[in-house]
Amino acid sequence: MAAFVRGIEGEGPARDDPAAARHASVTARDAVLPDGCMDLLWTRGRLLVAGPDTRPHIPDGVPGGWAGVRFYPGTAPAYLGVPADELRDRRVELTELWPAAEVRRLTARIDAAADPVAALEELALRRAAGAEPPDPLLREVVAALDAGRPVAETADRLGLGARRLHRRSLAAFGYGPKTLARVLRLQRALALARDGVPFAETALRAGFADQAHLARDVRELAGAPLGELVGQR
């Protein structure tokens, strides 16, 4: 399962925020930001898939909240049986991807569980055990781009070529390698800024040309200034 899933958790502001049901307004820090991942989500009576994002997503507040399984970038298509680019910037009912009768049965089982989060995790573990393992080359793509390596260098080093890397990235990640690199760089910058690193240093360490470049990319991908996202002025 570790080859598929980066984290299994009760859903909080990082993906779909149950607190949104208790507040009339949603701040920038409540938005779901692009992170290269896809999620399997549960709320009572429903199972959904969150596709890869290229823009901020404002979650719907639901009375019972959400639980979710988050897939490491590039692994969800093998698990779900659908190319990632078909789900880009979408939230879809699992019945659109799997047989409706099976989804109803699984949803009812999780609804009835004393611990729905644990039941969702068990579902993911069982399904992953029977799925084709993800291509290990995809993890190398993520590792290279997350380390700040250029796309062309990554393609050459992995022996793919630019066009082949682009095609495989669309199916695995939902977008091309240049967009994936921008998304991963955004997440590096957010992590640094949230740890209190000054924005100018954050820009340098995350791989931006300068702080102005950081500000432009954050606003384009996250829809808000970095200070608003991390609660700083």
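Just so you know, these numbers come straight off a predicted model, no measurement behind them.

Caption draft 1: Inspection of the packing of helix H7 (residues 177-194) against helix H9 (residues 211-222) at higher detail. At a closest axis distance of 10 Å, the pairing of H7 and H9 adopts a crossing angle of 110°. Judged on the interaxial angle alone, H9 and H7 are roughly perpendicular. Residue-level inspection shows Arg-182, Val-183, Arg-185, Leu-186 and Ala-189 of H7 in contact with H9, the latter providing His-213, Leu-214, Asp-217, Val-218, Glu-220 and Leu-221. Of the residues belonging to the contact of H7 with H9, the class tally is six nonpolar, one polar and four charged.

Caption draft 2: H9, seen in detail. When the terminal C-alpha atoms of H9 are compared, their 16 Å separation across twelve residues agrees well with the 16 Å that a helix rising 1.5 Å per residue should span. Buried residues of H9: His-213, Leu-214, Asp-217, Val-218, Leu-221 and Ala-222, and no others. Seen end-on, H9 carries its buried residues on one side only, within an arc spanning 125°. Buried positions along H9 lie against H7, helix H8 (199-206) and helix H10 (226-230). At the N-terminal boundary of H9, the capping side chain belongs to Asp-210, with an oxygen 3.2 Å from the backbone nitrogen of Ala-212. Among the residues trailing H9, Gly-223 stands out with phi positive, at a value near 75°.

Reading the values: the criteria
Residues numbered from 1 in each chain as written. Predicted model: local features only at pLDDT ≥ 70, side-chain atom pairs only at ≥ 80, totals over all residues. Heavy atoms only, no water. Axes fitted to C-alpha atoms, helices over the stretch in contact; angles between N-to-C directions. Helix = DSSP H or I, 4+ residues; strand = E, 2+ residues; numbered from the N terminus. Parallel < 35°, antiparallel > 145°, perpendicular 65-115°, else oblique. Contact = heavy atoms within 4.5 Å. Nonpolar A, V, L, I, M, F, W, Y, C, P; charged D, E, K, R; others polar. Expected span 1.5 Å × (residues − 1). Buried < 20%, exposed > 50% of the residue type's maximum accessible area, 1.4 Å probe, protein only. Arc of directions from axis to C-beta. Polar contact = N/O pair within 3.5 Å; in protein donor to acceptor, adjacent residues only side chain to side chain.

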